[in-house]
Amino acid sequence: RLLEGLPPTDTLRGKRDRVIIGLMLLEGLRRVELHRANDDDIEEGLLGKRLLVHGKIRDRHKFPRADTLAALQEYIQARGPVEVETIQIHCKECLVMPMITRISKADRPGGRISRIGLNHIIDGYLVKAGVKKEQLSCHALRHTFGTLLYKETKDLRAVQDELGHASISTSAIYADSGQELERYSERVPLHFNKD
């Protein structure tokens, strides 16, 4: 339902918002990681295009899904160049072009989008989808990604790597998702006699 509420892909806003949701829901990026992203963070790696993610504690590389990468490249091409800005990356000043930008009512790109701006966008789509609750916002997309990734792989290390967690114990919360519905005790091969 969330994806159904996106604007058409023939608008810059539609292209940008697909990228925002794709990077959060399909790649597990945090809001701050999306806010910090720059055009130069798309790099050519040995295994193909990769994305340098400026994490909370450390940077990491992600190899985005083909559909996410295609949407990102289409958005950047449609957006065109935007004003270069000076930012601090690891205590070093760098000239960069922000990846995710504000968009005017005339569908023109502006400067780097704020974290609050990202919240506003995601909250709007959650309301439109009829699933908005008080504690449900941007981070819920990341949690959905982590939960679905664990469900598909049953691999906590994969979840840890994809989400950029420093400790696997942080990733372990995704292994618990849905377990309250299971009756694992039924699998224990002991039975009471009916005497």
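Scroll up a little and you will see the structure.
Here the structure is a predicted model, which is why all the values come from computation and not from measurement.

Points about the sheet that holds strand E2 (residues 48-54)
1) Next: Spatially, the three strands line up as an open sheet ordered E1-E2-E3, and their pairing is antiparallel. Lying at the two open borders of the sheet, with one neighbouring strand each, are strand E1 (42-45) and strand E3 (59-62). Adjacent strand axes in the sheet meet at a mean angle of 35° when their direction is disregarded.

Topic: a nonpolar patch on the surface
1) Next: Taken together, the side chains of Leu46, Leu47 and Phe63 present a nonpolar region at the surface, about 430 Å² in accessible area.
2) Next: Mapped onto the secondary structure, Phe63 falls in the loop between E3 and helix H3 (66-79).

Some remarks on helix H1 (residues 12-26)
1) Next: Here H1 contains 15 residues, and its C-alpha end-to-end distance of 20 Å stays within 8% of the 21 Å for a straight helix at 1.5 Å per residue.
2) Next: In terms of residue burial, H1 counts as a mostly covered element, since twelve of its 15 residues are buried.
3) Next: Within H1, burial applies to Leu12, Gly14, Lys15, Arg16, Asp17, Val19, Ile20, Ile21, Gly22, Leu23, Met24 and Leu25.
4) Next: Following H1 by one or two positions, Gly28 has its phi on the positive side, about 80°.

What to know about the pairing of E2
1) Next: Relative to E2, E1 is paired through four bridges, and the arrangement is antiparallel. By the bridge assignment, Glu43 is partnered in E2 with Arg50.
2) Next: Linking E1 back to E2 in an antiparallel pair, the connection comprises two residues.
3) Next: Counting the residues that bridge the hairpin from E2 to E3 gives four residues.

Side note on the packing of helix H5 (residues 138-153) against helix H6 (residues 156-163)
If you want to describe how two helices pack, look at the angle between their axes and the distance between the axes.
1) Next: The geometry of H5 relative to H6 is characterised by a closest axis approach of 9 Å and an angle of 150° between their N-to-C directions. As judged from the angle between their axes, H5 and H6 are roughly antiparallel. Pair H5 / H6 crosses with right-handed handedness. Of H6, the residues touching H5 (which contributes Arg142, Phe145, Gly146, Leu149, Tyr150 and Thr153) are Leu156, Ala158, Val159, Glu162 and Leu163.
2) Next: For the contact of H5 with H6, a count of residues per class yields seven nonpolar, two polar and two charged.

Observations regarding the nonpolar core
1) Next: Within the largest apolar cluster, 29 residues are counted, with the highest numbers of intra-cluster contacts made by Ile20, Leu34, Met99, Ile100 and Ile122.
2) Next: Element by element, the count of residues in this core is highest for H1, at seven residues.
3) Next: The residues contacting Ile20, other than those within four sequence positions of it, are Leu34, Ile100, Leu118, Ile121 and Ile122.
4) Next: Of all hydrophobic cores here, the second largest spans seven residues; its members include Phe145, Val159, Leu163 and Tyr174.

Here's the deal with the pattern of salt bridges
1) Next: One pass over the structure, following the stated rule, counts twelve salt bridges.
2) Next: Arg60 serves as the salt-bridge partner of Glu33, at 2.8 Å between the closest nitrogen and oxygen. Of the two residues, Glu33 sits in helix H2 (residues 31-36) while Arg60 sits in strand E3, which places them 27 residues apart along the sequence.
3) Next: For Arg60, a relative accessible area of 8% gives the class buried.
4) Next: We note a salt bridge from Glu85 to Arg112, for which the minimum N-O separation is 2.5 Å. Here Glu85, found in strand E4 (residues 85-89), pairs with Arg112, found in strand E7 (residues 109-112); they are 27 residues apart in sequence, far enough to count as distant.
5) Next: What makes Glu85 partly exposed here is its relative accessible area of 22%.

Criteria and thresholds
- Going along each chain's sequence as written, the residues are numbered from 1 onward.
- Confidence filtering applies because this is a predicted model: local features only for residues at pLDDT of at least 70, side-chain atom pairs given and counted only at 80 or more, and all residues used for totals across whole chains, interfaces and linings.
- Excluding hydrogens and water, the side-chain values take into account all heavy atoms of the structure.
- When DSSP finds two or more bridges between two strands, those strands count as paired.
- Each helix is a run of H or I in the DSSP string that is no shorter than four residues. Each strand is a run of E no shorter than two, and both are numbered from the N terminus.
- Helix axes are fitted to C-alpha atoms over the stretch in contact, other axes to C-alpha atoms as well, and angles between N-to-C directions run from 0 to 180 degrees.
- Residues enter patches when they are more than 30% accessible in relative terms and free of salt bridges; like-charged ones are connected within 9 Å and nonpolar ones (Val, Leu, Ile, Met, Phe, Trp, Tyr) within 5 Å.
- Note on areas: these come from Shrake-Rupley sampling with a 1.4 Å probe, and a residue is covered only by the protein chains present in the view.
- Salt bridges are defined by distance alone: a side-chain nitrogen of Lys or Arg within 4 Å of a carboxyl oxygen of Asp or Glu.
- What a helix is expected to span follows from its residue count: subtract one and scale by 1.5 Å.
- Only protein chains enter the accessibility calculation, which uses a 1.4 Å probe. A residue is then buried if its area is under 20% of the maximum for its type, exposed if over 50%, and partly exposed in between.
- Each angle is binned into one of four classes, with values under 35 degrees roughly parallel, values over 145 roughly antiparallel, values of 65 to 115 roughly perpendicular, and all other values oblique.
- Left-handed describes a crossing whose near helix is turned anticlockwise from the far helix by less than a right angle; the clockwise case is right-handed.
- What makes two residues a contact is simply this: any of their non-hydrogen atoms within 4.5 Å.
- Residue polarity follows a fixed list, in which Ala, Val, Leu, Ile, Met, Phe, Trp, Tyr, Cys and Pro are nonpolar, Asp, Glu, Lys and Arg are charged, and the others, Gly among them, are polar.
- Here, nonpolar core means buried Ala, Val, Leu, Ile, Met, Phe, Trp, Tyr and Cys residues that are tied together by side-chain atoms lying within 4.5 Å of each other.

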